[in-house]
Amino acid sequence: MKQPINATPYPQDTHRIHILDSEAVFEARADLNLLVAMEKARAQGIGIGCRGGGCGKCRIRVLKGEYDSKRMSRAWVSEADEAEGIVLACRIFPRSELVVESEMLPLAEPYQPRSSSKLQSAAIK
Amino acid sequence: MKKGVMRPGHIQLRVLDMDEAVSHYRDLLGLIEVDRDDQGRVYLKGWTEVDKFSVVLREADSAGMDFVSYKCLNEGVVDSLKQELIEYGCNVEEIPEGELKGCGRRVRFDSPTGHQFEIFATKEQTGKWGLTQKNPEAWPRGLTGMKATRFDHCLLYGPNIAGTIDLFREVLGFDLAEQVLDDEGTRLAGFLTVSMKAHDVAFIEHPEPGKLHHASFFLETWEDVLRAADLISMTDTSIDIGPTRHGLTHGKTIYFFDPSGNRSEVFAGGDYHYPDHEPVTWGADTLGKAIFYHDRVLNDRFLTVLT
Ligand code: FES
Ligand SMILES: [Fe+2]
């Protein structure tokens, strides 16, 4: 588990994914990262950002199941986080049925990328 | 008032995987790979740029921007601006000649928004790629991907853009070309130029310091932007939004992501600015249209997906 991913392993394999927050359940292909697999299944519950492991928007906690992962930004996932199953959904590849939930970002500020900033409140009104 | 800063010189970006990053910037954007160094950094440029490089990629454990650097007329300008930056209160550091291959000494300084900037005056000039200096052809053959012509600007997010904008205007001689003001007159976004371009750098107010929104590359035409969009689909590259037009600067644009999550933009067209122009102002109540002129709605990603 958590080895760097090889090129398109088991493309025919799919695994069932459960997102606790949105109660979404979908089938994810093993050769797609979890976030893109969720988008392709038109499921919701994980934040969609860069899809490249850089922005932190898709930060989740894997509660159950096996996965491989690619390098993800240490700005959002520390080694300790990773050991606890906190990952970026766009950098993991399911290897079994997974149960996940979204995870707040580790910021000093109360600001969270999913909540509003000043410009955002200006845009809304 | 111009102070001898000419243009964006180079941007150093952090990437999580160098091979993937090179295929994005070289093969997809169509930048020219010009060099590598013993730290493993990769140097690239757009084909119209006369200096040796304008983009430096560094493999790291996070994405984002290390620094962006502006080229000055000569070393005398760098010396006097260095003094002014110190007096202004910046933390200033001399980076020795050769730290970037083919680049002279650089003066690095910090800013209220938490970004690192540099000024320099000396860089190896290798000329436009694939063209002769005398009797040049219209364009070089052998370009790939989107055939991006130059690194044009970056948009940076951080707290206290008022402070960084003041630093750029007062010390470095940039003009404010465009801005977004809220009802109370607070500036939420500022687009600055040191040339006739609509922007050479832009800032948006945001609580996290030192963030990169995008690095942008210039294309000649709207048709080129559409072709870039085709290539994004053909390569299954992570898309953000577009092709569309910005209200701010009126550039025709597409946003997408590099394989480490740094946002890239390619764009064509846009307004011009002279020093006697008043800043173009957009109200926060029309922010959707200011950012995405056709959708007229701001997507959440524009404000929150940063590296
Ligand atoms: S979507 Fe940006 S880190 Fe996953
Ligand atoms: Fe831009």
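In this text, all values refer to a predicted model and were calculated from it rather than measured experimentally.

Cut-offs applied
Residues numbered from 1 in each chain as written. Chains lettered and ligands numbered in written order. Predicted model: local features only at pLDDT ≥ 70, side-chain atom pairs only at ≥ 80, totals over all residues. Heavy atoms only, no water. Helix = DSSP H or I, 4+ residues; strand = E, 2+ residues; numbered from the N terminus. Rg over C-alpha atoms; globule rule 2.2 N^0.38 Å. Buried < 20%, exposed > 50% of the residue type's maximum accessible area, 1.4 Å probe, protein only. Contact = heavy atoms within 4.5 Å. Areas by Shrake-Rupley, 256 points an atom, 1.4 Å probe, with all protein chains shown as cover. Phe/Tyr/Trp six-rings, centres within 6.5 Å; stacked < 30°, edge-to-face > 60°. Lys NZ or Arg CZ within 6 Å of the ring centre and 35° of its normal. Salt bridge = Lys/Arg side-chain N within 4 Å of Asp/Glu carboxyl O. Donors = N, O, S within 2.8 Å, 3.2 Å for Na, K, Ca; no water. pLDDT = per-residue confidence, 0-100. Buried area = accessible area lost by both parts, 1.4 Å probe. Nonpolar A, V, L, I, M, F, W, Y, C, P; charged D, E, K, R; others polar. Disulfide = S-S within 2.5 Å. Core = buried A, V, L, I, M, F, W, Y, C linked by side-chain atoms within 4.5 Å.

*Asks:* So what's going on with the overall build of chain B? Which residues, and what values?
*Replies:* Helix and strand content of chain B: six helices and 17 strands. By the compact-globule yardstick of 19 Å for 307 residues, chain B fits well, its C-alpha radius of gyration being 18 Å. When the backbone C-alpha atoms are referred to their principal axes, chain B occupies close to 50 × 45 × 45 Å. The burial tally for chain B puts 58% of its 307 residues in the buried class. Relative to all contacts within chain B whose residues are 6 or more apart in sequence, the contacts with residues 24 or more apart total 68%. A total accessible area of about 11900 Å² is found for chain B, and carbon and sulfur atoms account for 48% of it.

*Asks:* So what's going on with the packing of aromatic side chains? Residues and values would help.
*Replies:* All names here are of chain B. Applying the stated criterion across every chain, the model contains 15 aromatic pairs over all chains. When the centroid spacing of 6.2 Å and the interplanar angle of 75° are considered together, the rings of Y255 and F292 count as edge-to-face. On the criterion of sequence distance, the pair formed by Y255 in strand 15 (residues 252-257) and F292 in the loop between helix 5 (287-291) and helix 6 (300-304) is long-range, its members being 37 residues apart. Ring geometry for Y272 against Y274: centres 5.9 Å apart, planes inclined by 80°, an arrangement best described as edge-to-face. What links up through ring pairs into an aromatic cluster is the set Y70, F109, F117, F168, F174 and F203. Positioned above the aromatic ring of F53, the side-chain terminus of K123 is 4.0 Å from the ring centre. Stacked on the ring of Y255, the Lys or Arg R263 has its end atom at 5.7 Å from the ring centre.

*Asks:* So what's going on with the pattern of salt bridges? Which residues, and what values?
*Replies:* Residue and element names in this part refer to chain B. On inspection of all chains with the given rule, the structure shows 37 salt bridges over all chains. The shortest N-O distance in the salt bridge between K2 and D175 comes to 3.5 Å. Of this pair, K2 sits in the segment before strand 1 (5-15) while D175 is found in strand 10 (residues 175-181), placing the two residues 173 residues apart along the sequence. Residues participating in the shared-partner salt-bridge network are D37, R41, E99, R106, R108 and E118.

*Asks:* Lay out the coordination of the iron ion (ligand 2) with the relevant residues and their values.
*Replies:* Residues and elements named next belong to chain B. Coordination sphere of the iron ion (ligand 2), protein contribution only: H153 (NE2), H214 (NE2) and E265 (OE), at 2.1 to 2.2 Å. Considered as a linear motif, the donors of the iron ion (ligand 2) on their single chain read H-x60-H-x50-E. Of this pair, H153 sits in strand 9 (residues 150-158) while E265 is found in strand 16 (residues 263-268), placing the two residues 112 residues apart along the sequence. The exposure class of H153 is buried, given its relative accessible area of 1%.

*Asks:* Talk me through the confidence of the model for chain A; I want residue IDs and the actual numbers.
*Replies:* For chain A, the average pLDDT comes to 84, and 76% of its residues sit at 70 or higher. Between residues 108-116 of chain A, whose pLDDT stays under 50, and residues either more than four places distant or in other chains, the model counts 21 contacts.

*Asks:* Describe the interface of chain B and chain A, and please don't skip the residues or the numbers.
*Replies:* With 32 residues of chain B at the contact, the number on the chain A side is 29 residues. Here chain B and chain A share an interface that buries about 2500 Å² over both sides, 55% of which is from carbon and sulfur atoms. By the criterion of area lost to chain A, the three top residues of chain B are L16, P207 and T304 of chain B, representing 20% of everything that side buries. At the boundary of chain B and chain A, one finds three salt bridges. The shortest N-O distance in the salt bridge between E59 of chain B and R71 of chain A comes to 3.2 Å. Top element by residues in the side of chain B that touches chain A is helix 6 of chain B. It accounts for four residues. Here the residues of the side of chain B that touches chain A are counted per class, giving 15 nonpolar, eight polar and nine charged.

*Asks:* An account of the state of the cysteines is needed here, citing residue identities and associated values.
*Replies:* All names here are of chain B. Within this structure, the stated rule accounts for zero disulfides over all chains. The cysteine C90 is free of any disulfide, with C72 supplying the nearest cysteine sulfur at 14 Å. For the unlinked cysteine C154, the closest cysteine sulfur is that of C72, found at 16 Å.

*Asks:* Can you tell me about the environment of G49 of chain A, naming the residues and giving the values?
*Replies:* Following the sequence through the fold, G49 of chain A ends up in the loop between helix 1 (34-40) and strand 3 (59-64). For G49 of chain A, a relative accessible area of 1% gives the class buried. Placed 14 residues apart in sequence, G49 of chain A and L35 of chain A show a C-alpha to C-alpha distance of 9.4 Å. Those residues within four positions of G49 of chain A in sequence are excluded, and the remaining contacts are L35, C55 and K57 of chain A together with F257, R301 and V305 of chain B.

*Asks:* Quick rundown of the nonpolar core? Include the residues and the values.
*Replies:* Counting residues in hydrophobic clusters, the biggest one holds 59 residues, and the most contacted among them are L57, L172 and F217 of chain B. Those residues in contact with F217 of chain B that lie beyond four places of it in its chain are Y25, L29, L31, V55, A148, R150, F151, D152, E265, V266 and F267 of chain B. Ranked by size, the runner-up nonpolar core spans 28 residues in total, among them I19, A24, L32 and L35 of chain A.

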